[in-house]
Amino acid sequence: TLVEEIEKNGGSILFGYDVKSINIVDGEVKKIIIAHNNKEREIEPRAVISSLPVPVLLEKLKGMPEDYMKKLSKIKYKASISGVVALTNKITNYYWLNFLDGGLSFRGIFDHATLNPSVNNGNSVLYLFNYCDTDEELYRLRDEELKAVFRKDLKKVFPDIEKYIKWIRIFRLR
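Residues numbered from 1 in each chain as written. Predicted model: local features only at pLDDT ≥ 70, side-chain atom pairs only at ≥ 80, totals over all residues. Heavy atoms only, no water.

1. Digging into helix α5 (residues 143-157)
Definition in use: Secondary structure is summarised from DSSP: a helix means a run of H or I of at least four residues, a strand means a run of E of at least two, and numbering begins at the N terminus for each. Helices are assigned an expected span. That span is 1.5 Å times one less than the residue count. Here the term buried applies to any residue with accessible area under 20% of the maximum for its type, exposed to any over 50%, and partly exposed to those in between, with areas from a 1.4 Å probe on protein chains only. Taking the helix axis as origin, the arc is that swept by the directions to the C-beta atoms.
Its 15 residues place the ends of α5 21 Å apart at the C-alpha level, agreeing with the 21 Å of an ideal helix rising 1.5 Å per residue. Within α5, the full set of buried residues consists of L146, K147, F150, D153 and L154. What you see down the axis of α5 is that its buried residues fit within an arc of 135 degrees, all on one side. Seen from the open side of α5, the exposed residues pointing more than 90 degrees away from its buried face are E144 and K156.

Here is the structure:
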């Protein structure tokens, strides 16, 4: 795996840290300021692999040449909208359902109850997802409005679902 290869070559991967800044000098990462449990520290890496979304990465980079920053900022990036739906009953036998026709407010559903049925006691947790631009109407809806849209579209897929819904939570990432 990538992790094993990195560790075999003397590297390490830090999980659960907040990256405060990535400081570049002469085109190389010289130091990174990270925080964990409200304690900041500085590291001097030999190499960096970032999984930060480009808009977030741009906020963290310090000292990167302006022309490169402009190139990165031109990358069109989709935002993520998701809904987590708790159900009192299992609604499907499938873990992953894709909806590619564009007629629903979500593009897919993961049913986490199918992964480990022994721990869900007949309940289920659905994860609804969609990707869109931040200026799209769907992204701009208030949470309560988006919950109502998700409910309506869930009924198109599972007509009896309303009686099983305990709650819905909305999450957005840009």
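We are not done yet, so read on.
2. Overview of the side chain of S80
Heads up, the rule is: For this analysis, residues touch if any pair of their heavy atoms sits within 4.5 Å.
Among the structural elements, S80 can be located in strand β5 (residues 79-87). What makes S80 buried here is its relative accessible area of 13%. When near neighbours in sequence (up to four residues on either side) are disregarded, S80 contacts N130, Y131, Y139, F171, R172 and L173.

3. A look at the nonpolar core
We count it as follows: Remark: nonpolar core denotes a set of buried residues (Ala, Val, Leu, Ile, Met, Phe, Trp, Tyr, Cys) joined through side-chain atoms within 4.5 Å.
In terms of nonpolar packing, the biggest core is built from 24 residues, with V85, F106, I109, L126, L128, L154 and I161 touching the most fellow members. Taken together, the elements giving at least two residues each to this core come down to β5, β8 (124-132), α4 (137-140), α5 and β9 (165-173). In terms of residues, this core owes the most to one element, β5, which gives four residues. The residues contacting I161, other than those within four sequence positions of it, are L87, I91, L126, L154 and K155. Listed in part, the nine residues of the second largest apolar core include I22, I24, I32 and L57.

4. Brief notes about the pairing of strand β3 (residues 39-43)
Under the convention used in this document: At least two bridges found by DSSP between two strands is the condition for calling them paired.
Judged from the five bridges that link them, strand β2 (residues 28-36) and β3 form a sheet pairing that is antiparallel. Directly across from H36, in β3, lies its bridge partner K39. Taking the residues that link successive antiparallel strands as the turn, the β2-β3 hairpin has two residues, and the phi of N37 there is positive, at about 50 degrees.

5. Observations regarding the sheet that holds β8
Put simply, the rule reads: As a rule, the C-alpha atoms of each element are fitted with a line to give its axis, helices using only the stretch in contact, and angles between N-to-C directions run from 0 to 180 degrees.
Spatially, five strands are ordered β6-β7-β8-β5-β9 in an open sheet, and the strand pairing comes out antiparallel. Looking at strand neighbours, the two that pair on one side only are β6 (96-98) and β9, the edges of this open sheet. Across the sheet, the axes of successive neighbouring strands diverge by a mean angle of 15 degrees, strand direction being ignored. Pairing analysis gives eight bridges linking β5 to β9, with the strands arranged antiparallel. By the bridge assignment, A86 is partnered in β9 with W167. Those strands touched by α5 are β5, β7 (108-111), β8 and β9, and its axis lies near 120 degrees from that of β9.

6. Let's talk about unusual backbone geometry
Its identity as a non-glycine residue notwithstanding, N37 has a phi of 50 degrees, on the positive side. Looking at the secondary structure, you find N37 in the loop between β2 and β3. Although it is not a glycine, N38 adopts a positive phi angle of roughly 65 degrees. For N38, the position within the fold is in the loop between β2 and β3.

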